[in-house]
Amino acid sequence: MDNIKISVDKDFIVGKIDKHLFGSFVEHMGRVVYSGIYEKDHPTADENGFRGDVANLAKEMGITCVRYPGGNFVSNYNWMDGIGPVEKRPCKRDLAWKSIETNEVGIDEFMKWAKKYEIEPILAVNLGTKGLEEAVALVEYCNADAGSYYSDLRAVYGHKEPYGIKTWCLGNEMDGEWQIGHKTAKEYGRLAHETGKAMKLMDSSIKLVVCGSSMSRNATFGEWEREVLSQTYDEADYISLHQYYGGQEKGTACFLAQSLDLERYIDLVCGIADLEKKKRKSKKTLNISFDEWGVWSTPDYEVQKWVDGHPWQIAPPLGEQIYSMEDALLFASMMMALVKNCNRVKVGCQSLLTNISACIMTKKGGGTWVQPIYYPFKMIANHARGVALDSRYCGERYDTEDFEGVPLVDSLIVWNDDEKELVCYLVNRSETGQKVLIDAHGFKLGTVTESIMLTSDDIKTINKDNHEAICPQKVENCSLEESTANVSLNPYAFHMIRIKLQ
């Protein structure tokens, strides 16, 4: 078999990689918050009740920002339930997940966590059961100097200085029939326009994210974006996209090809946004916030069945999916797709941080362990800094019932000029090993400083019982010659190779 060839050129740059691409998502759902990031009686809990073991893993993972507090949860949430003395806060029934919300953690607690662990907050407002007035009040509470009602209320509760939250999401998945307060595109566009306009009157420095589609297969996809942007283009800085992929039952080849749908999804939405820009003769380019993404291997009906069968619990163990090596490969390709489109995708939030579709798993009162998907995120977030290079693939491809011409090897090449290194990320979608030639035109390759592989003899291997079953291994699989690198890839594997430039 001929070598697969991946070509890049020093002069052909996609764009600068924004640090906000390496974000995560925390929702008041199941055990994401309570016994996830927060457990006041845990041995590692800090002075604010947040688990130190979880925070350390998030820091090692490379998390830069976190979207909060939802998710479906936010569409029935009154943010004022989560402020003030904890003992006086109301317990409420959360309709999204049929759980009891104690409101022990609210905006002030979340901001303590974010500040201490150097994580930038992204806040979502309720445009389901609430609207303009509550959203503007929340911006005042968080961002205004003392001297008015809500900013003074923040000071009374012990936080004199404004939080200065910069990025705000105007609702969540408002295109979805499942969303509490679901609206048509026309209804949502009008509300988001007026709410966003008022929020920017309160604080002109903030950036706003309007809701795009919650998945690429929605019947309203495309038309939703067209209508919403026709009403909100002037206020919006980003349009959000969400996407989860499952479908392992179709076979590994089809499952791993789904990252191509993600790239197509991004292209289509960019085209719709650019059409609106053209119509308005605007100088502003609207970018994408991909603020929910991941592999969702548990069927939705199973999650809903669990919710309906065990309603009104506090922090129930809902939808705690266990990921395999196979899942980690698709997860890696999805994250690589976001970085490969960094010229337009500026924010990314992996969903979720703990316990539900999560990288980090916790035991209440006990320890933590990480799923196989943790490692691709960590390797990309910590080393994909600088610019993404435009790459060209020459080699074997395959077809599935949903996709044609799927590259056998997925790739992302990053140039970090500050560190004088080229970082190569490769996913082998094949059950056989592959030889890859990377032709880095315009670069003079020096030495391989690190070569790490994530793989397993069985792609269904998980980390639940043996927490080290899937973990990175150092390998010697790359030889260099002038501007080329020859790489030997294991079957069904994710590789990261860091090359020092001369």
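The rules behind the values
Residues numbered from 1 in each chain as written. Predicted model: local features only at pLDDT ≥ 70, side-chain atom pairs only at ≥ 80, totals over all residues. Heavy atoms only, no water. Helix = DSSP H or I, 4+ residues; strand = E, 2+ residues; numbered from the N terminus. Rg over C-alpha atoms; globule rule 2.2 N^0.38 Å. Contact = heavy atoms within 4.5 Å. Areas by Shrake-Rupley, 256 points an atom, 1.4 Å probe, with all protein chains shown as cover. Lys, Arg positive; Asp, Glu negative; His and termini not counted. Charge placed at Lys NZ, Arg CZ, Asp CG, Glu CD. Buried < 20%, exposed > 50% of the residue type's maximum accessible area, 1.4 Å probe, protein only. 1 Å grid on protein atoms, 1.4 Å probe; cavity = no way out; pocket = protein on both sides within 12 Å on 5 of 7 lines; lining within 4 Å. Points joined across faces, edges and corners; volume = space filled by probe spheres on them. Nonpolar A, V, L, I, M, F, W, Y, C, P; charged D, E, K, R; others polar. Pairing = 2+ DSSP bridges. Axes fitted to C-alpha atoms, helices over the stretch in contact; angles between N-to-C directions. Left-handed = near helix turned anticlockwise from the far one by under 90°. Parallel < 35°, antiparallel > 145°, perpendicular 65-115°, else oblique.

### Concerning the overall build of the chain
Item 1. Along the chain, the regular secondary structure elements total eleven helices and 27 strands.
Item 2. Scaling as 2.2 N^0.38, a compact globule of 502 residues should have a C-alpha radius of gyration of about 23 Å, and the chain matches this with 23 Å.
Item 3. Projected onto the principal axes, the alpha-carbon positions of the chain cover approximately 70 × 55 × 45 Å.
Item 4. Sequence separation of 24 or more characterises 77% of the internal contacts of the chain that already satisfy a separation of 6 or more.
Item 5. Accessible area for the chain stands at about 20100 Å²; split by element, carbon and sulfur atoms hold 49% of it.
Item 6. Of note, the chain has its 57 positive side-chain charges centred 4 Å away from the centre of its 73 negative side-chain charges.

### Considering the side chain of Thr195
Item 1. Along the chain, Thr195 turns up in helix H5 (residues 185-202).
Item 2. Setting aside residues up to four positions removed in sequence, Thr195 forms contacts with Leu127, Gly131, Leu132, Ala135 and Leu170.

### A word on helix H2 (residues 107-116)
Item 1. Counting buried positions over the ten residues of H2 gives seven, a clear majority of the element.
Item 2. Burial in H2 covers these residues: Ile107, Asp108, Glu109, Phe110, Met111, Trp113 and Ala114.
Item 3. In this structure, the buried side of H2 is in contact with helix H1 (52-61), strand S4 (65-68), strand S7 (120-125) and helix H3 (132-143).
Item 4. Looking one or two residues beyond H2, the residue adopting positive phi is Glu118, at roughly 55°.

### Structural notes on empty space enclosed by the protein
Item 1. Throughout the structure, instances matching the rule amount to three cavities of 30 Å³ or more.
Item 2. Taken as a whole, the largest cavity spans an internal volume of roughly 150 Å³.
Item 3. As for the largest cavity, its lining consists of 16 residues, and the residues nearest its centre are Tyr77, Trp79, Ala124, Val125 and Leu138.
Item 4. Looking at the lining of the largest cavity, the elements that each hand over two or more residues are S7 and H3.
Item 5. Partitioned by chemical class, the residues of the lining of the largest cavity number eleven nonpolar, three polar and two charged.
Item 6. Roughly 90 Å³ of internal volume is contained in the second largest cavity.
Item 7. Lining the second largest cavity are His28, Met29, Gly30, Tyr34, Asp94, Trp97, Ser99, Ile100, Glu101, Ala315 and Pro316.
Item 8. When residues in the lining of the second largest cavity are grouped by element, the largest group, three residues, is from strand S6 (residues 99-101).
Item 9. Taken together, the residues of the lining of the second largest cavity sort by class into six nonpolar, three polar and two charged.

### As for the pairing of strand S22 (residues 434-441)
Item 1. Alignment of strand S1 (residues 4-9) against S22, held across six bridges, turns out to be parallel. Counted as the bridge partner of Asp9 is His441 from S22.

### Considerations on the packing of helix H6 (residues 223-232) against helix H8 (residues 259-280)
Item 1. Where H6 meets H8, the axes come as close as 10 Å, and the angle between the chain directions of the two elements is 35°. Taken as a pair, H6 and H8 cross one another with a handedness that is right-handed. Only Val269, Ile272, Ala273, Glu276 and Arg280 of H8 make contact with H6, whose side of the interface consists of Glu225, Arg226, Leu229, Ser230 and Gln231.
Item 2. In terms of residue class, the contact of H6 with H8 is built from four nonpolar, two polar and four charged.

### Details of unusual backbone geometry
Item 1. With an omega dihedral of 15°, the bond running from Gly70 to Gly71 counts as a cis peptide bond.
Item 2. Following the sequence through the fold, Gly71 ends up in the loop between S4 and strand S5 (92-94).
Item 3. Leu352 follows Ser351 through a cis peptide bond whose omega is -5°.
Item 4. One non-glycine residue, Lys98, lies in positive phi territory at about 50°.
Item 5. One can find Lys98 in the loop between S5 and S6.
Item 6. We note that Glu482 has phi near 55°; this positive angle belongs to a residue other than glycine.

### Details of the packing of H1 against helix H11 (residues 374-383)
Item 1. Between H1 and H11, the least distance of the axes is 8 Å, while the angle of their chain directions is 55°. Judged by the inter-axis angle, H1 sits oblique to H11. Across from Leu57, Glu60 and Met61 in H1, the residues of H11 making contact are Tyr374, Phe377, Lys378, Ala381 and Asn382.

### So, the sheet that holds strand S25 (residues 478-481)
Item 1. Spatially, S17-S1-S22-S26-S25 is the arrangement adopted by the five strands of the open sheet, whose pairing is mixed. Pairing within the sheet leaves two strands with one partner each, and these edge strands are strand S17 (392-394) and S25. Taken pair by pair, the neighbouring strands of this sheet meet at an average axis angle of 20°, ignoring direction.
Item 2. Looking at chain direction, S1 and S17 are connected through three bridges and run antiparallel. Residue Ser7 lies in a different strand from S17, and its bridge partner there is Arg392.

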